[in-house]
Structures are given as structure tokens and as C-alpha cells.
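The chain contents come next:
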Amino acid sequence: MNGFAWLRRLQRRSNTWMVISVIGALVALLPSLYILIGLFQKPNENWQHIQQFMLKDYALQSLWLVLGTGTLTVMIGVTLAWLVAAYEFPLRRLFSWAFVLPLAIPPYIAAYTYGSMLSYTGSVQVFMRNVLGWAPDQKYFDIMSMKGAIFVFTMFLFPYVYLITRSFFEKQSASFIENARLLGKNPLHIFFRVVLPLSQPAIMGGVSLVAFEVLNDFGVTKHFGIQSFTTAIFTTWFGMYDVDSAIRLAAWLMSVIIGVFLIERLLRKRKKYNASTSRTSPLSRRRLRGLPAWAACGFGAVIVSLSFLIPVLQLIVWAAWTYRDVLNAKFAELLVNTLSVSALSIVALMLHAVIAANVNRTGRSLFTLVLSKLISMGYSVPGAVLSIGVLAVFISFDEQLSGVYGWLGLGEGKLVLSMSLAMLIFAYVIRFLAVGYNAVEAGFEKTGNRYTEASRLLGFGMTRTFFKVDLPLIKGAVLTGCILTFMEIVKELPLTLLLRPFNFDTLATKAYQYASDEQIHQASVPSLFIIGVGMVSVFFYHWLGEKNSQ
Amino acid sequence: MTFFEMSDVSFHYDKGSRTVLRRFSLGLDKGESVGVLGQSGCGKSTLLRLISGLEEPVTGRIVIDGTTMVDARKFVNPELRGVGMVFQDYGLFPHLTVEQNIAFGLHRLSKKNRAARLGEMLELVKLQDYRRRYPHELSGGQQQRVAFARALAPEPALLLMDEPFSNLDANLRGEIRSELRQLLRAAEMTSILVTHDKEDADAICDRIVYMQANDEISQERNSS
């Protein structure tokens, strides 16, 4: 009798939603598969050379970047999270969201801003020479180095650690901390013996996001001249025109990422365990007085200045010098390009996210588990790796479709898809699907399954239920997903740089192009637009969090 | 003749987890009202979710009015079973008004018939004056009546009620129980009421079934 159980299961599960999400998942998987297959292909001569002389250096440089940034973001992010969550001090409320603002500034913009500010002709040294009459040694200003890159990454990525850890402190640690306080432990002891060990999964969750961002980066390392894995992929691809070796490098990097990804998942599992066992009463804050209060406030002020105020003010000054030259018809075209490619990508992405999330919540099975893992995987594949995979897939599409193109009168052997905007949109969807998906999933979790079940018992199938009941209830979550992905797409650099059609510029690629042409001052205008979009998203996100907690 | 029959139904949530139901059987005649009594966690709510098709049993068979809803090789989706359910927390759509909630399941009727049926239901639960209110603007008792009207409006073959009184004040309960009994009788509705409160079942049902956690045997008893 059990032999027919699969038939019954199919009757219950098979529907258009499932089919679409299966196809979507498979298509999204193609580029990564293409890359991983590269590991098993026979290497060419060039690879011998790369392996012998370069691979170890690439790997080491990337490793130092990740380790250095990881350690510092944990130190700063966790300290700030603890201060904001457990103490009351001057300007605390302002800081609690100001610490998120650095996320609005893409690290590559910060890199050329700081790089230029600290150069011999930059504002810092000019001020010292002309106003203070002091000409210090150049070696103190060498930000275009490994240390400088770690500084930039730390200052603009620590909010990931800060955000996740703070919400853990605020929501889940209260009973443990209060118990420790009642048991007479001093604050330092509580922090190191109770808070840190407890929040380890949250911290690891945040720091793995930081690691993914560092490995994804192209702009900072390129501008500072650091040979990381990602810049090596670019060099091999565009410098040596050796796509096979570039794919092989990408495959190596991807294996490492999968490793990091699996570790992060394991740690997340523990986090879930923590959440379900502790009471969720908020932590009551202790008021700091005197010197400690001002020290906390001062520390916050230094961080906000370095990670937001100083670079933004500098960009505003530069923009004031150059906006007349930059803001012209060409710039309007940049805006239109950025908005249109974002809008198209967001529509495709959110459709996919909503379908996958709806399938995932209705029937939990091994398939839906794999589906959700695949979706969150896209975010951890570095842009350079993903873009090679996407390009390879699209070129092979074009080869397959060559006959069709001929029949349509476009000419045999033409590259149609791989020269079009579709390729970039496809890559955005894969990379940022997790962002939209998580927002939609949170919306579904908040509304629960009750209304959907009621609707189905009243005679509506999955699709009509979705439009009549689910969608009206989760539209806020869908809007959140749109805004967050919009911010990600507007500031995205490596994918856009590699996969855009010929002569198609966005705000991000233009800012990068100005910066790499040593026109740093001109770069400030598109950069400020990108930061503006980021700030709107950060404010919106913060507002939403406040609204939810009320 | 048996109108509703479930035989040898077993169920557990995930592979390897505790069995919630083991070879459970239950039969109802047309127009009969049965109360299922048991402590929380014994699988009462799961029973209703299995009957309505929100969950899929591991083994067993469920037949409603001569149509097999689920057996080893067949599974009918919940929207095609013609089963009405009143949820413990009512599950009224928060974005729809009272009349939109009640008319929700009437999509198969013509516009004219739909309006007529809606009017009937509003009258039945005495909520004509509240038709344009949203669920959060109603009292608990009113919400519960909307939930009943919504479940009964499409004339289901079988009505399932999951602890429908648990959110009501004690002084409201008595009144609503007797109203409900009359309502079910008038509609000749076959129904299953799940509750932990024996008084609820005594007041409404023709027969009571006791359920115990992990128990394969169900005791039956005729109430007065």
C-alpha cells in the first residue's frame, strides 16, 4: 500500500507554485554549478604559473583581510552593542541607530574618500601643513595598504555585528544578565563570563556576513592595490584573458565560501536553540554617571565620526566643488539607468522571493529545506565568482539559441542574451534573493498560517488564497524587501561592473570610474546619491523596527 | 448510515517525532453532533486538521458523505472537501469587514444568491448592524459569531469546531452554547466539537468521545 504514498504526496504538493520554485531554484543554481565543474577540468599552462607564484599570496592576502576585519568588527560591534543595550548614557538613543548608518556607505566609496583625504594633497595633510605648520612623516598616512583596507572594512562593516548582537542582547539575554547581577557579579565579569559566551552564535552570524562582504569586495582592494582572491580573478580574466583559470580561481574561492557558509549555518542552528529556551523580556538598562558616561559617549562619537560624519562631510565638500560639471544630461541618464535596472531586478526578485517563501511555508519537506538554503547561498557567493558563472551560462545560452537568432534574422553566432541587460538582472536576482526572501519570510511568520488555512477551508486554492488573503497581509513585508534590495542593488559594484551591457553606466560604476581615473572629487556626486538611497533604507528599516517593537 | 467515517488514522508531525494519533477511528451519522474531550496535547486539534485536510495522515482513511477524502493513494486538498472550521482564535481576516469575511467562502454562488445568503447569515448571528466593521472593532463574542457565520455560510457537509469557547467570558458562554445548539439543530449540521471543557460538550453534543494522549482506544458514551 505504501508504494502509492508518493502518488498521494504528489497530489497534495504539486501545483504551479511548486513547479515555478523548482525551476527558479535550478536556474539560480546553474552559475555556481558551472564554476564548481571548473575544479574538475584539466588546467592549462597558465594555471601552473598562477598556482606556483600567485595562488598562495592571493589566499593569504584574502585571509588576512578576513581575519583582521573579522577581529576588529567583533571588538567594535560587540562593545557598541553592549553599551547601547545595557547602559544609559548621553546620546544613547541617537547612537543606537547612528551606528547603523555606516551601512549606507559602500566600502569602496569610503576607500577612495579616505585614500584621497589622507594623501599628500588631501584635506588632512594640507590642514596640518598650512594651519598647524607641521609636516609629519608620510608613513603615518599610508592608508593604501593592508592595514588601511582593514580599517575601511571595519569602519563600514561593523554594523552587521552590531545589529545582530544588539538585538540578541536586548531580546534574549535579559534573564541571564539579571541573574548574574543579582548574584553579585561586577559588570566586567558579567560581560566576559556571561554575555560574550551566550552571544557567540549571534556574533558569529554577524561576523560571517562581514566575511562574505570582504570576500565579495572588489572596489577597496583594487583601489588600495591589494592582491586578493577577487582582484586576482579580475586580473586573470581581463589582464591575461584567461577565463579558464579565472573560473578555476573562482571555484577555489567558492569552496572556501561553502565551508564558511556551512560553519555559519551550524552556528545559526545553535542560535535558534538559545532563542527558544530563554524568556524574552527586555533588558533594563543601567544608568552610567560621571566619567564612564562621558567615556561611552565619547567612544560612540569617535566611531560615528570616523564611520559616517567625516567621509560624508568630505564628500559634500567635494560635491560642492564639482556638482556643476557633473550634474548634466549624462548624469540624468545614470539615474534613469540605475532606477530602471533596479526596478526590473526588484520585480523579478520579489516575485521569486514571494513564490519561494509561500511554497516553503506551506509544505515543509527536504525539498523546501534545500530550496531555502540555496536561496540564502546566493548572498555568500562573491560578485566576481557569480559574474563569471553567469557570463558562462549566458554565453552557452546564446550558443544554444544561435539557430533561433538566425531564424529571427538577427544573424548566426551572435551574442544576444549575453550582451543584454537580462544578464545583469539575472545576477542581481541570484545575489540578493536572500534579502528579499528573508523579508517576505518574516512577514509570513508574523501573520502565521491561520488565515491561509481558513481561506482554504472556505474553498479557495493556494493561488486565490494568496491574492485574496496572503498578499494583503504581507504587503508591508514585501515593501520592506523591495527597499532593502533597492539599497543593495544601487551600491553593488563588482557584478554591475562585469555584467553591464556595453556603455551602460549606473551611479556605482560611474563613481568607481571617476575614482579610478583619479577624479575623486567628481566621484563624490554619484557617491552621495548612493549614500542617500542607503540612508533612506536605513531610516526606513529603523522606523520599521521601532514600529514592530511597540 | 454513517455520514462521516475515519478509520485507523495514524499521524505524527515529523519523522521520528512522537506519534500524535495511533489507529484512531470515529464515525458520525448525518446531523449528529459529537464532542471530542481530552486534555491539551492529546491530539484533539490535530484530529480536526486531519479531517479538514490541513495535515496528511501517515495511514488510514477518511470518508465524508460517501467520498473518500484521503486513503493510501488519494488526497483531496482542503479547499475541495466541503468542510467548515471554526478556529480557536477564529482566524477572521483582519483586512476584511464582517460581511466580506462571511461572504468570503461564497465565491461559487451568483452575485444575487451571495447577497441573499450573506443576509441570512447576518440575521442568524444577529450582526446586521455590524456588517461594515472590521474584526478588531468587535467584542470577543461578536467575533466568535462572525467565525460561525463564515464557516456555515458555504453550507459545509461537516462543521469542525476547535475550542470555540475558550476565548469567551464565563457569563457569555452559557448563552452562546444554547444558541449554537439551536443553530446546529436548525441546520441539521453534522459537527465535531473539540474541547477540554465537559460542560461545552454536554450542552451542545449528542455524544461524547474521550481522547487520551497516544491512546488507540476511544471510549464513547451517550450524553443526556
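The name recorded for chain B in an unreviewed UniProt entry is ABC transporter ATP-binding protein, from Paenibacillus mendelii.

Chain A is annotated in an unreviewed UniProt entry as ABC transporter permease from Paenibacillus mendelii. In its Sequence similarities (unreviewed entry) section, the UniProt record describing chain A reads: "Belongs to the binding-protein-dependent transport system permease family."

Glancing now at the packing of helix α20 (residues 421–447) of chain A against helix α22 (residues 462–491) of chain A. Residues and elements named next belong to chain A. Where α20 contacts α22, the axes come no closer than 8 Å and their chain directions differ by 140°. With respect to α22, the axis of α20 lies oblique. Here α20 and α22 pass one another in a crossing that is right-handed. For the pair α20 and α22, the contacting residues are Tyr-428, Phe-432, Val-435, Gly-436, Ala-439, Val-440, Gly-443, Phe-444 and Thr-447 in the first and Phe-466, Asp-470, Leu-473, Ile-474, Ala-477, Val-478, Thr-480, Gly-481, Leu-484, Thr-485, Glu-488 and Ile-489 in the second. The class makeup of the residues in the contact of α20 with α22 is 13 nonpolar, 6 polar and 2 charged.

With that settled, the discussion passes to unusual backbone geometry. Residues and elements named next belong to chain A. The backbone of Tyr-241 sits at a positive phi, close to 55°, despite the residue not being glycine. Here Tyr-241 lies in the loop between α13 (229–239) and α14 (243–277). Taking the relative accessible area as the measure of exposure, Tyr-241 reaches 67% and is therefore exposed.

On to a nonpolar patch on the surface. Residues and elements named next belong to chain A. Where nonpolar side chains cluster on the molecular surface, the patch consists of Val-19, Ile-23, Val-27, Leu-30, Phe-397, Leu-401, Val-404, Trp-407, Leu-408 and Leu-410 and spans about 900 Å² of accessible area. Counting only elements with at least two residues in the nonpolar patch, the list comes to α2 (16–37) and α19 (402–407). For the nonpolar patch, the leading source of residues is α2, giving 4 residues. Looking at where Ile-23 falls in the secondary structure, it is placed in helix α2.

Here we take up empty space enclosed by the protein. All names here are of chain A. Within the structure shown, the criterion is met by 6 cavities of 30 Å³ or more. Taken as a whole, the largest cavity spans an internal volume of roughly 260 Å³. Pro-107, Tyr-108, Glu-213, Asn-216 and Lys-491 are, among the 23 residues lining the largest cavity, the residues nearest its centre. Elements with a contribution of two residues or more to the lining of the largest cavity: α6 (107–117), α8 (146–172), α11 (200–216), α20 and α22. For the lining of the largest cavity, the element with the highest residue contribution is α8, accounting for 4 residues. Within the lining of the largest cavity, the residues separate by chemical class into 15 nonpolar, 2 polar and 6 charged. A domain-level breakdown of the lining of the largest cavity finds at least three residues from each of domain 1 (44–317) and domain 2 (327–516).

Quick look at helix α9 (residues 174–182) of chain A now. All names here are of chain A. Of all the residues in α9, the buried ones are Ala-174, Ile-177, Ala-180 and Arg-181. What you see down the axis of α9 is that its buried residues fit within an arc of 135°, all on one side. In this fold, the buried residues of α9 make contact with α4 (55–86), α8, α10 (187–198) and β2 (286–287). In the segment just after α9, Gly-184 is the residue with positive phi, at about 85°.

Another aspect to go through is the sheet that holds strand β5 (residues 67–71) of chain B. Residue and element names in this part refer to chain B. Spatial strand order, β2-β1-β4-β5-β6: 5 strands in an open sheet with antiparallel pairing. Looking at strand neighbours, the two that pair on one side only are β2 (19–29) and β6 (74–75), the edges of this open sheet. In this sheet, β5 lies alongside strand β4 (residues 59–64) in antiparallel orientation, the contact comprising 3 bridges. In the sheet register, Val-63 faces β5, and the bridge partner there is Thr-68. Sheet contacts for helix α1 (residues 44–52): β1 (2–12), β2 and β4; angle to β1, the most-contacted strand, approximately 115°.

Our focus in this paragraph is the UniProt feature "domain: ABC transmembrane type-1" (unreviewed entry) in chain A. As annotated in UniProt, the feature "domain: ABC transmembrane type-1" (unreviewed entry) corresponds to residues 59–262 and 335–541 of chain A in the numbering used here. What you have in residues 59–262 of chain A is 77% helix and 1% strand, and the ends, taken at the C-alpha atoms, are 19 Å apart.

All names here are of chain B. By domain assignment, chain B separates into domain 1 (1–82 + 156–215 + 220–224) and domain 2 (93–155). Spacing between the C-alpha centres of domain 1 and domain 2 amounts to 23 Å. Between domain 1 and domain 2, the contact holds 14 residues from the first and 12 residues from the second. When domain 1 packs against domain 2, the two sides together hide about 980 Å² of surface, and 73% of this comes from carbon and sulfur. Considering only the surface of domain 1 that becomes buried against domain 2, Pro-156, Leu-159 and Leu-183 emerge as the three largest contributors, covering 45% of it. Taken together, the connections running from domain 1 to domain 2 amount to 0 salt bridges. Counting every contact that joins domain 1 to domain 2 gives 1 residue pair in polar contact (both at pLDDT 80 or more). Of all elements in the fold, only β8 (158–162) and α5 (170–186) reach the threshold of two or more residues within the side of domain 1 that touches domain 2. Considering each element in turn, the side of domain 1 that touches domain 2 owes the most residues, 5 residues, to α5. Tallied by class, residues from the side of domain 1 that touches domain 2 come to 12 nonpolar, no polar and 2 charged.

Residue and element names in this part refer to chain B. Taken as a whole and assessed by the stated rule, the structure comprises 24 salt bridges over all chains. Its salt-bridge partner being Arg-207, residue Glu-32 comes within 2.7 Å of it at the nearest N-O pair. Taken together, the positions of Glu-32 in the loop between β2 and β3 (33–37) and Arg-207 in strand β10 (residues 207–210) put the pair 175 residues apart, joining distant regions of the chain. Looking at Glu-32, the relative accessible area reads 13%, which means it is buried. Here Asp-206 and Arg-185 are joined by a salt bridge, their closest N and O atoms 2.6 Å apart. On the criterion of sequence distance, the pair formed by Asp-206 in the loop between α6 (198–204) and β10 and Arg-185 in helix α5 is long-range, its members being 21 residues apart.

A few words on the side chain of Ser245(A). All names here are of chain A. By the element assignment, Ser-245 lies in helix α14. Taking the relative accessible area as the measure of exposure, Ser-245 reaches 1% and is therefore buried. Residues in contact with Ser-245, not counting those within four places in the same chain, are Asn-44, Asn-46, Trp-47, Ile-50 and Thr-236.

About the thresholds
All residue numbers refer to position in the chain's written sequence, counted from 1. Following the order in which they are written, the chains are lettered starting with A and the ligands numbered starting with 1. The model is predicted, so local features are restricted to residues of pLDDT at least 70 and side-chain atom pairs to those at 80 or more, both for listing and for counting; the totals for chains, interfaces and linings are taken over all residues. Remark: hydrogens and water are excluded; side-chain values derive from all non-hydrogen atoms of the structure. UniProt positions are given in the numbering used here, feature names are shortened, and annotations may be inferred rather than shown by experiment. Note on method: axes are straight lines fitted to C-alpha atoms, helices fitted across the in-contact stretch only, with angles between N-to-C directions ranging 0 to 180 degrees. Segments assigned H or I by DSSP are reported as helices when at least four residues long, segments assigned E as strands when at least two residues long, and all are numbered from the N terminus. In these notes the angle categories are as follows: under 35 degrees is roughly parallel, over 145 is roughly antiparallel, 65 to 115 is roughly perpendicular, and the rest is oblique. Two helices that cross are described as forming a left-handed crossing if the nearer one is turned anticlockwise from the farther one by less than a right angle, and a right-handed crossing if clockwise. Working rule for contacts: check all heavy atoms of both residues, and any pair within 4.5 Å makes them a contact. Charged residues are taken to be Asp, Glu, Lys and Arg, nonpolar residues to be Ala, Val, Leu, Ile, Met, Phe, Trp, Tyr, Cys and Pro, and polar residues to be all remaining types, Gly included. We call a residue buried when its accessible area falls under 20% of the maximum for its residue type, exposed when it is over 50%, and partly exposed in between, using a 1.4 Å probe and counting protein chains only. A residue counts toward a patch only above 30% relative accessible area and without a salt bridge, and it is joined to like-charged neighbours within 9 Å or, for Val, Leu, Ile, Met, Phe, Trp and Tyr, to nonpolar neighbours within 5 Å. Residue burial considers only the protein chains on display, and all accessible areas are found by Shrake-Rupley using a 1.4 Å probe. Any carboxyl oxygen of Asp or Glu that lies within 4 Å of a side-chain nitrogen of Lys or Arg is treated as forming a salt bridge with it. Two kinds of site are reported from a 1 Å grid over the protein atoms alone, namely cavities, where a 1.4 Å probe fits but cannot get out, and pockets, open sets with protein on both sides within 12 Å along at least five of seven lines, and residues are called lining when an atom falls within 4 Å of a point. Grid points are joined across faces, edges and corners, and a volume is the space filled by probe spheres set on the points. Domain segmentation is taken from an automatic or database assignment of domains. What the arc describes is the spread of directions from the helix axis to the C-beta atoms. Here the rule is simple: two strands pair whenever DSSP picks up at least two bridges between them. Buried area: the accessible surface (1.4 Å probe) lost by two parts on joining, summed over both. As used in this structure description, the phrase polar contact means that two N or O atoms lie within 3.5 Å; if the pair is within protein, one of them must be able to donate a hydrogen and the other to accept it, and residues adjacent in sequence are counted only when both atoms belong to side chains.

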